[in-house]
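A closer look at the structure
Chain by chain, the residues run as shown.
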Amino acid sequence: MQRTIVGIDVGTTKVCTIVAQVKDSGRVNILGVGLTPSKGLDRGVVVNIDDAINAISNSVEKAERLSGYRIGTAFVGVAGRHISSLNSRGVVAIGRPDHEITRNDIARAVEAAQAVALPTQREVIHVIPRAYVVDGHEGIRDPVGMSGYRLEVETHIVTGEVMAIQNLIKSVQRAGVEIDDLVLQPLASGEAVLTEEDKDRGVMLVDIGGGTTDIAIFIQGGIWHTSVIPVGGNHFTNDLVYVLHTPHNTAEYLKLRYGSAIGDDMQDDTLIEADTLMAGEQQKISHTVLNQILQSRAEQIVELLYNEIRRSGYDGLLPAGIVLTGGCAQLPRFDELIREMLGIPVRVGVPTGLTGLADAIDSPPYATGVGLLRWGARHGQAMATLTQSGTAERNGGGWGNAYERVKSWLREFLP
Ligand SMILES: Nc1ncnc2c1ncn2[C@@H]1O[C@H](COP(=O)(O)OP(=O)(O)OP(=O)(O)O)[C@@H](O)[C@H]1O
Ligand SMILES: [Mg+2]
């Protein structure tokens, strides 16, 4: 089966809308992409609604023009430091005489797992079952049809601040698009760049964008830990501005043109001509010094990754290591630095399995956008997201209707 799905990645530096046909096999045929610089966002969170609406509208219009579709609904990525996650267990007794576990029992167990006390200003974004325990036997992926007295489900629950979520929803809706579902950005990126084998073996997805570093750890095929750290590529650029006294656009240019995450002493260090903060004045910058500044920020991010692995409570190895994606994954030798500091395998993840207008987006900054499409195909309800002649249809319920959403989570994740 193949569905037309839209993903909108509202990032700190860019908004990227992608219209695609997604097959059950995961192949993604890109019909149109609308890319615009982002505005009104700070570290993954909307801070100026009007600017955000403008940027999203521009991106959506571009994608519509290219694809010839009118976009009615979309899967939208969510991030920001307001996100937090926890693992929660739900337990139910199987009371029927035959003790055979049904989907309904799983739904009850998931509901029980959700009965965690949430502060009033927080909202649940995902409840993801990741493993089941039947009569004490751990690691069961699909208990339906098994017999048992006691069913436990381990779930991963992602929550965010109501206001931050509402501002994102409002920005997208005012740009004329209804939301099929909000998807935590690292979970979306994981869909684009991780294999099932990575997740089975144990892997950490790290998406370093402009404003945030988004993390998801998968163990034994299931999601174990997610987190959003408010540090990203903009910090590298700002460091160059402060230390080298150079304007922001020059600093960004130097980073993209000459940057490396390792500032080895170069035998014949080159000097790079650059603007200073004084109009018309030039300076000569050492290539080595430039990279040393970038290295110290890169090292800080690696330390944060290490803390996050420890904080996740998972003390085993991550045999599949780290898969690095997002715009900053393109900083040369960042993967090498992480490998050296943490002593685990690291690879740069790019979205694969794309056809159609795919040239522009088969690179790390588009992992979230592409992943939203796969997430939509995998977990979204059967829906008529788009109709070709311009009438966009809403699927029932939608974001905001809590009851519908709980029902849809259960539909999404039940084995
Ligand atoms: N070749 C490169 N070397 C170093 N940095 C790069 C390179 N290419 C892109 N970047 C940086 O990547 C960042 C943008 O990444 P990305 O497009 O993934 O961010 P985003 O999705 O808009 O932001 P976020 O996910 O944090 O909200 C910018 O800071 C940019 O400078
Ligand atoms: Mg991003």
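Attention here is on the structure that accompanies the text. (Residues numbered from 1 in each chain as written. Chains lettered and ligands numbered in written order. Predicted model: local features only at pLDDT ≥ 70, side-chain atom pairs only at ≥ 80, totals over all residues. Heavy atoms only, no water.)

What about the overall build of the protein chain?
Helices and strands together make up the secondary structure of the protein chain, namely eleven helices and 19 strands. Taken against the 2.2 N^0.38 rule, which gives 22 Å for 415 residues, the C-alpha radius of gyration of the protein chain at 22 Å falls within 12% of a compact globule. With respect to the principal axes defined by its C-alpha atoms, the protein chain has extents near 85 × 50 × 40 Å. Burial statistics for the protein chain: of 415 residues in total, 57% are counted as buried. A separation threshold of at least 6 residues defines the contact pool for the protein chain, and within that pool the share at least 24 residues apart is 69%. Of the roughly 17700 Å² of accessible surface on the protein chain, a fraction of 49% belongs to carbon and sulfur atoms. Each charge class in the protein chain can be summarised by its mean position, and for the 37 positive and 49 negative side chains these summaries are 4 Å apart. (Helix = DSSP H or I, 4+ residues; strand = E, 2+ residues; numbered from the N terminus. Rg over C-alpha atoms; globule rule 2.2 N^0.38 Å. Buried < 20%, exposed > 50% of the residue type's maximum accessible area, 1.4 Å probe, protein only. Contact = heavy atoms within 4.5 Å. Areas by Shrake-Rupley, 256 points an atom, 1.4 Å probe, with all protein chains shown as cover. Lys, Arg positive; Asp, Glu negative; His and termini not counted. Charge placed at Lys NZ, Arg CZ, Asp CG, Glu CD.)

Comments concerning helix H4 (residues 185-193)
Across the nine residues of H4, nine count as buried, placing the element largely inside the fold. Within H4, burial applies to Gln185, Pro186, Leu187, Ala188, Ser189, Gly190, Glu191, Ala192 and Val193.

Observations concerning the sheet that holds strand S11 (residues 178-184)
Reading across from one edge, S11-S6-S1-S2-S3-S19 is the order of the six strands in this open sheet, with mixed pairing throughout. Each edge of the open sheet carries a strand with a single partner, namely S11 and strand S19 (354-356). Going from strand to strand, the sheet's axes swing by 35° on average, the running direction of each strand aside. Bridge analysis of strand S1 (residues 2-10) against strand S2 (residues 14-23) gives nine bridges, and the strand direction is antiparallel. When the bridges of S2 are listed, valine 10 appears paired with valine 15. Sitting on the sheet, helix H3 (residues 162-174) is in contact with S1, strand S6 (73-78) and S11, with an inclination near 140° to S11. Across the sheet, H4 touches S1, S6 and S11, and the angle it forms with S11 is around 85°. (Pairing = 2+ DSSP bridges. Axes fitted to C-alpha atoms, helices over the stretch in contact; angles between N-to-C directions.)

Overview of the pattern of salt bridges
Counted according to the given criterion, the structure contains 22 salt bridges. Of the charged contacts, one joins arginine 333 and aspartate 264 as a salt bridge, the two residues approaching to 3.2 Å between their closest N and O atoms. Taken as a pair, arginine 333 in the loop between strand S17 (322-325) and helix H9 (334-342) and aspartate 264 in the loop between helix H7 (248-258) and strand S15 (271-275) lie far apart in primary sequence, 69 residues in all. The class of arginine 333 is partly exposed, set by a relative accessible area of 31%. Its salt-bridge partner being glutamate 308, residue arginine 311 comes within 2.8 Å of it at the nearest N-O pair. Residue arginine 311 and its partner glutamate 308 are located together in helix H8 (residues 287-311), separated by three residues, close to a single helical turn. (Salt bridge = Lys/Arg side-chain N within 4 Å of Asp/Glu carboxyl O.)

Examining the site of ligand 1
Close to ligand 1 lie 20 residues, the nearest being Thr12, Thr13, Lys14, Glu252 and Lys255. For ligand 1, an oxygen atom lies 3.4 Å from a polar atom in the backbone of cysteine 328. Here ligand 1, which alone exposes 660 Å², has 89% of that area covered by the protein. Put simply, ligand 1 lies in the second largest pocket. Going through the elements one at a time, helix H6 (233-244) and H7 are the ones with two or more residues in the shell around ligand 1. The biggest single contributor to the shell around ligand 1 is H7, with three residues. By residue class, the composition of the shell around ligand 1 is four nonpolar, 13 polar and three charged. (Near = heavy atom within 4 Å. Polar contact = N/O pair within 3.5 Å; in protein donor to acceptor, adjacent residues only side chain to side chain. 1 Å grid on protein atoms, 1.4 Å probe; cavity = no way out; pocket = protein on both sides within 12 Å on 5 of 7 lines; lining within 4 Å. Sits in = over half its atoms within 2 Å of the grid points. Nonpolar A, V, L, I, M, F, W, Y, C, P; charged D, E, K, R; others polar.)

What to know about the nonpolar core
Ranked by internal contacts, the top residues of the largest apolar core, which has 66 residues, are Ile8 and Ile30. Residue contacts for isoleucine 8: discarding those within four places in its chain leaves Val15, Cys16, Thr17, Val60, Ala74, Phe75, Val76, Gly77, Val172, Val177 and Leu372. (Core = buried A, V, L, I, M, F, W, Y, C linked by side-chain atoms within 4.5 Å.)

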